[in-house]
Every structure is written in C-alpha cells, then in structure tokens.
Number of protein chains: 2
Amino acid sequence: MYTFIELSKIFEQKFGVRHFPVHTPTLYDPAQYILQLGGKRIRPVCVLMGNELFDEMNPDAYEVATAIELFHNFSLIHDDIMDKAPLRRGMETVHTKYGESTALLAGDVMLVQSYEYLNKIKRDYSQKIMQVFNETAKAVCEGQQLDMDFEKITSVSLDQYVNMITLKTSVLLAASLQLGAILGGAGQGNQQHLYEFGKNLGIAFQVQDDFLDAFGDPDKFGKQVGGDIIANKKTFLMIHAMEVASVQQKIELANLMQNSTIDPAEKINKVLTIFKDCKVDEWALELKEKYVQIALQHLDDTAVLLNRKKPLMELAEYLIQRES
Amino acid sequence: MYTFIELSKIFEQKFGVRHFPVHTPTLYDPAQYILQLGGKRIRPVCVLMGNELFDEMNPDAYEVATAIELFHNFSLIHDDIMDKAPLRRGMETVHTKYGESTALLAGDVMLVQSYEYLNKIKRDYSQKIMQVFNETAKAVCEGQQLDMDFEKITSVSLDQYVNMITLKTSVLLAASLQLGAILGGAGQGNQQHLYEFGKNLGIAFQVQDDFLDAFGDPDKFGKQVGGDIIANKKTFLMIHAMEVASVQQKIELANLMQNSTIDPAEKINKVLTIFKDCKVDEWALELKEKYVQIALQHLDDTAVLLNRKKPLMELAEYLIQRES
C-alpha cells in the first residue's frame, strides 16, 4: 500500500507522457499543453486510493485514473472559455494561448481521449465503470450550467449553491473514489460510503476554493485572487454575506455587483472589507470543517481495516490545509 | 431487409424521443432543440444499412446509430460556434438561440450521451465498436482544426483539402457503415470495402455541399447561400478557381477575400461570376461523379449478395441528387 504522496508521485510519473498523437500539432499541442501545467492530480489519485482501500492495485486503475484526469482537464479548458479566465495554474489558459475555437476542440478531443483509456480496461466491469463515468460527466456539465444560470438571477440560497457545487465539483471526486472501489471489488455499501466521503470532501474543497479566491495569498494561489468577485460569482462567501450583512452593507454589495465601470482592484477591496466585517472568512472555515467531519464519518463507516484508510485521511488533511 | 427510405423512417421514429433528462432544462433543452430540427439522418441510417448488408438487424444497431447521430449533432453545435453560423437547417443555431457557453456545454453533454448509448451494447463487440468510434471522433476534431488552420494560410492544395474533408466529414460516414458491418459480423475485408465506400461517398457529399453553398437554391438549401464565400472558406470551388483562373481573376479573388468592408451580397455575386467564368460549377459536378464511382467500385467489391446492396446504392443516388 502507498501513501497519498507516494501515489501522487507514481501517478504523475505515469501520466507525464504525451497523451496525443504528434501529427496535427495545431490541435494536439494545445491539449497536451494544459496537462503539462501540472495540477494536484487529486482525482486520479482518488481512483488509485479507492482501489487500494479494498485490494492490491489493479492495473486498470491507472487507465481509469488517466481517464479521470483527462476528463477533469477537458472540463477546465471548456470552463475557462466560458469564464473568460486568463490564467490557470499561474499560466495562460488554453484559449488565451491558442484561441477559443482551438481550445474548444482541444477540450473535445481530450474528452474522447478519456474514453480511449476507459476502453482499455477489462470487460468484467467496463460497463459499470462507463456508466458511473457517464453519469458523473453529465452531472459536471449540469453543475457548470447551473453555475452560469446563477449568474443571471439575483438571489441564490445556500442549498441551491451546495447542490450546484456538488454537481460541478464534488461528484467527480466522489466518483473517482467509487470507480477505484469498483476496480477493487468493493460491495455496494462500501462504494456508497466512499462516494459520500468524496462528495462531502469535495464540498469542503470548494468552500476552501471560494475562500482562497477571496483571501488566498496571490503568490501561492496560482489564479487571479478576487476573480470570483470581479465576475460577480455567487460563492459560498457572497451568498453568506448577502444573508448576514446589514441593510446598508447589502445595498453596497448589490451596487458593487451592478457597477460595471468600477476599477476591479477597488471592487475587490470593498467587497473584501464587507466580507471581513461580516466575519464571512471565519464562517467559511467552520463550514469547511463541518463537511470534512461528515466526510470522515463516512470513511469511518466504510467496512475495511483502519490502517488501509490512512491515505484517504491524509487526503482530507491535505485538502484542509492547501493554499492553492 | 428495408430500403433506404424505410430505414430513415424507422430510425426517425425511434430517434424522435427526448434523449436527455427533464431536469436542468437550461442545459438539456438546448441539446434536445438541435435534434428536433431534423436533418437527413444519413449517418445513423448508414449504421443500420451496414448492419443489414450482412445479417438481419441486430438490435444494438439502433443504439450505435443513435450514438452516431448524437455525436454528429454534438459536432454541429460546436462547429456552429466556431464558424459563428447564425442558421442551421433554416433555424437558429444553438449558440444563437441559447448563447455560446450553453451551446458549448450542450455539445459536451451530447457527446457524453452518445457514449451512454454505446455503453448499452453487448460486451462481445463493445470494445471494437468503442475503438472505431473513438478513432473517428478524434479524426473529426482533427478535420475541424485543419479546416480552421486552412483559413489562416494563403494557399491550400486540392490534396490537402481532400485530406481535411475526409477527416472532417467522410470518416464519420465511413465509420457508420463499418460499425454497422461489425454488428452484422462482417470480416475485415468487407469492413474495409464498406469503409472506403463511405469515405469516397462522403467526399462526394462534401463536393456537393460546397457546390450547393455557392450554387444552391436558397429556398431549398436551408443554410445561408454564399456563407463559405463570406467566410473566405477554401472550398473545393475556391481551391480549383485559384488553380485555373486567369492572373486577372486570381488578383480579383484575392482582393475580394481580403476586403473586409465589401457588402456581403456584392462579394458573393462577384465571386460567383468568376466561378462560372472558370466553369468551376461543371468541374465540381464531375469531381463529385469521380468519387461516387470510386465509392461504387468498393461497394461492388464487397463480398455479399447483390440484392442486399440495393439500399446503399439508393443512398449514393440520393446523395448525388440532393439539393439541401
């Protein structure tokens, strides 16, 4: 059995090859580009950890992990187009570097490539693996659409936001663990507990993401700090602020969000001041802890030997402490 | 055995259901929208015909045919975004009606949905079917990228253009027939002949498409006549014109393509005048006939009873005569 860090290194080494043909470089180089930007590889490592929780490593786990990481990067390329994001992991996004049309196609071809890896695995469980993968892929698209829908409506409740985030972010983490568990021969009950562990950890992960977008260290964060504020994103922070702020602060927040001519840096500063006055930062850290605890309870309830759960506990620990 | 028209009707009836969940309508209604615009359904019917060429209809042929038609519509949605096309089948394109971001996502979810249908088929041949499907999907993306690359370079040869068109258009027709043949239990040789039949017919289809874009009847064509000319697309017609035109005409064509302020209708008229002077219209019809004959030779060489080939001959006939 490997630790979380060991699995990350093993995966990174296997993954660090070219995943696309060398011909038609105008299409495949942009696809390969985003893979080389690195990233935490949390989701594919979850496949490996989900597998190792139940059995020795199944070689097919690497194929599925690769498919998951390609899927994740496909969604990043397309999300960055939709969000008009200039930076990803401190570097130019694919569409900024290569243009929107090529980025769109590079994303498409990466999604297809993820299915190529899925098609390499044994027939015994390929249908179930594909089914979970497809359901998850659709949920991720639904989450992204809801995220865009929320930009157009004035008020989003915390429940609505949690549902959107669950679809957009958490189900991929949850499904990664479940896919690994399936490859490890886990029963339905354990699959479900592991899925819920991943889902709640994923929500905690997003609380942290929203927190870092507002309060992160620009040198460590990689992305543009305050990006969500500029884009008027209804994040965990903004939704809670709109719930607890004074009438005066609510009016100011609403005005700031409607003001399209304001200097971005000034807008970020003013919103952050209100966030801090409302103790939104403290609330977010507590909310994250709540979801981490639910996640850990599901891991506790998973019927395998305690010492096999260590890498997953390390993952939870890592997600709580990350700064980028 | 069914005729081409009968198979079209059978497929249309089976396909005319909702293919997406009813929840999250902001995502799934745009996806369903393009499916309801109709279309010729040539590719899925090719799956059915490829199957019936060798055996009684395999129920899995309908699943694969549906996957192919969903894949085709996914590529249409994304191509229309890239081409900034306002109309598709005489109606608003998905991105015009619902916005680019939603169209992008609706395309993504449609591609995933195509794999859901592929995942329903029997394990015996699912790996081979997925492999052909994935290779084809990547080729289609490569073709679209080359098409965009060609917009940025001054001169494209006929060979380069045929290669691009083969990838962008023909391989999907070819693979549809091959996928049907695999489901019908065809051997490698017959699969290959059928693939080549489809590939060459697909090229002929594109010659006709380019021809109709310039010389089609606006009332019958569905799309905007002259769209390729306005977009400075290097079509079969334009590439041949640049080869055979006089020096004076070449200069005029180049000037027309570089002139960004010219009235679109005037640009179309002037380009069409040169096309006609160079007899590009006649040349295109002859070129189409050449590819149709190569296609028919491969059908001839396919080792099955002559009377089973009738629907495929009807298809070839239909493609030669279509006006939209």
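Residues numbered from 1 in each chain as written. Chains lettered and ligands numbered in written order. Predicted model: local features only at pLDDT ≥ 70, side-chain atom pairs only at ≥ 80, totals over all residues.

S.K.: What is the right way to look at the overall build of chain A in this model?
M.R.: Within chain A one finds 16 helices and 2 strands. By the compact-globule yardstick of 20 Å for 324 residues, chain A fits well, its C-alpha radius of gyration being 20 Å. On the principal axes, the C-alpha backbone points of chain A span a range of 60 × 50 × 30 Å. Counting all 324 residues of chain A, 51% fall into the buried class. (Helix = DSSP H or I, 4+ residues; strand = E, 2+ residues; numbered from the N terminus. Rg over C-alpha atoms; globule rule 2.2 N^0.38 Å. Buried ≥ 20, exposed ≤ 12 C-beta atoms within 10 Å, placed from the backbone.)

S.K.: For this particular structure, what's the right way to read the relation of the copies chain B and chain A?
M.R.: Turning one copy of the chain about an axis and sliding it along that axis gives the other copy, so a rotation and a shift relate them. Turning chain B through 180° and shifting it by 0.0 Å along the axis lays it on chain A, with an RMSD of 0.0 Å. The two molecules are tied by a two-fold rotation axis, judged by turn and shift. (Least-squares fit on C-alpha atoms with pLDDT ≥ 70 in both.)

S.K.: Where do I start with the interface of chain B and chain A in this structure?
M.R.: For an interface, size is often stated in terms of accessible area lost upon the parts coming together. Across the boundary between the two partners, chain B contributes 31 residues, which contact 31 residues of chain A. Taken together, the elements giving at least two residues each to the side of chain B that touches chain A come down to helix 2 (25-35), helix 4 (60-83), helix 6 (100-118) and helix 7 (123-152) of chain B. No other element matches the 14 residues that helix 7 of chain B contributes to the side of chain B that touches chain A. Among the residues making up the side of chain B that touches chain A, the classes are represented as 14 nonpolar, 11 polar and 6 charged. (Contact = placed C-beta atoms within 7 Å. Nonpolar A, V, L, I, M, F, W, Y, C, P; charged D, E, K, R; others polar.)

S.K.: When you look at the environment of Y125(A) in this model, what are you seeing that I'm missing?
M.R.: Residue and element names in this part refer to chain A. Note on placement: Y125 falls in helix 7 (residues 123-152). Judged by local crowding, Y125 falls into the partly exposed class, with 17 C-beta atoms found within 10 Å. Linking Y125 and I34, residues 91 residues apart in sequence, is a C-alpha distance of 30 Å.

S.K.: Honestly, the packing of helix 6 (residues 100-118) of chain A against helix 4 of chain B in this entry has me stumped. Any pointers?
M.R.: Packed helix pairs are specified by the crossing angle of their axes together with the interaxial distance, meaning the distance between the axes. Put simply, helix 6 of chain A and helix 4 of chain B touch, their axes get as near as 9 Å, and they point 165° apart. On the basis of their axis angle, the class for helix 6 of chain A and helix 4 of chain B is roughly antiparallel. The two elements helix 6 of chain A and helix 4 of chain B meet at a crossing, and its hand is left-handed. Packed against helix 6 of chain A, whose contacting residues are S101(A), L104(A) and D108(A), the element helix 4 of chain B presents H78(B), I81(B) and M82(B) at the interface. Its residues placed into classes, the contact of helix 6 of chain A with helix 4 of chain B shows 3 nonpolar, 2 polar and 1 charged. (Axes fitted to C-alpha atoms, helices over the stretch in contact; angles between N-to-C directions. Parallel < 35°, antiparallel > 145°, perpendicular 65-115°, else oblique. Left-handed = near helix turned anticlockwise from the far one by under 90°.)

S.K.: Even after reading the chapter, I still don't get the packing of helix 7 of chain A against helix 6 of chain B, so can you show me in this structure?
M.R.: At their nearest, the axes of helix 7 of chain A and helix 6 of chain B sit 10 Å apart, and the two run at 170° to each other. What the angle tells us is that helix 7 of chain A and helix 6 of chain B run roughly antiparallel. Note on packing geometry: the crossing formed by helix 7 of chain A with helix 6 of chain B is left-handed. Contacts from M130(A), N134(A), A137(A), K138(A), C141(A), Q144(A), Q145(A) and M148(A) in helix 7 of chain A reach S101(B), T102(B), L105(B), D108(B), V109(B), V112(B), Y115(B) and E116(B) in helix 6 of chain B. In terms of residue class, the contact of helix 7 of chain A with helix 6 of chain B is built from 8 nonpolar, 5 polar and 3 charged.

S.K.: Any chance you could explain the confidence of the model for chain A here in plain terms?
M.R.: Interpretation of this model should avoid reading the predicted coordinates in detail wherever pLDDT is low. Summary statistics for chain A give a mean pLDDT of 94 and a share of 98% for residues scoring 70 or more. Taken over the whole predicted complex, pTM reads 0.92, whereas the ipTM for its chain interfaces reads 0.92. (pLDDT = per-residue confidence, 0-100.)

S.K.: Any chance you could explain unusual backbone geometry here in plain terms?
M.R.: If a residue is not glycine, its phi is most likely negative; likewise, a peptide bond is most likely trans. All names here are of chain A. Unusually for a residue other than glycine, R89 sits at a positive phi of about 55°. Unlike most non-glycine residues, K279 shows phi in positive territory, near 55°. Structurally, the position occupied by K279 is in the loop between helix 14 (264-277) and helix 15 (280-301). The exposure class of K279 is partly exposed, given the 13 C-beta atoms found within 10 Å.

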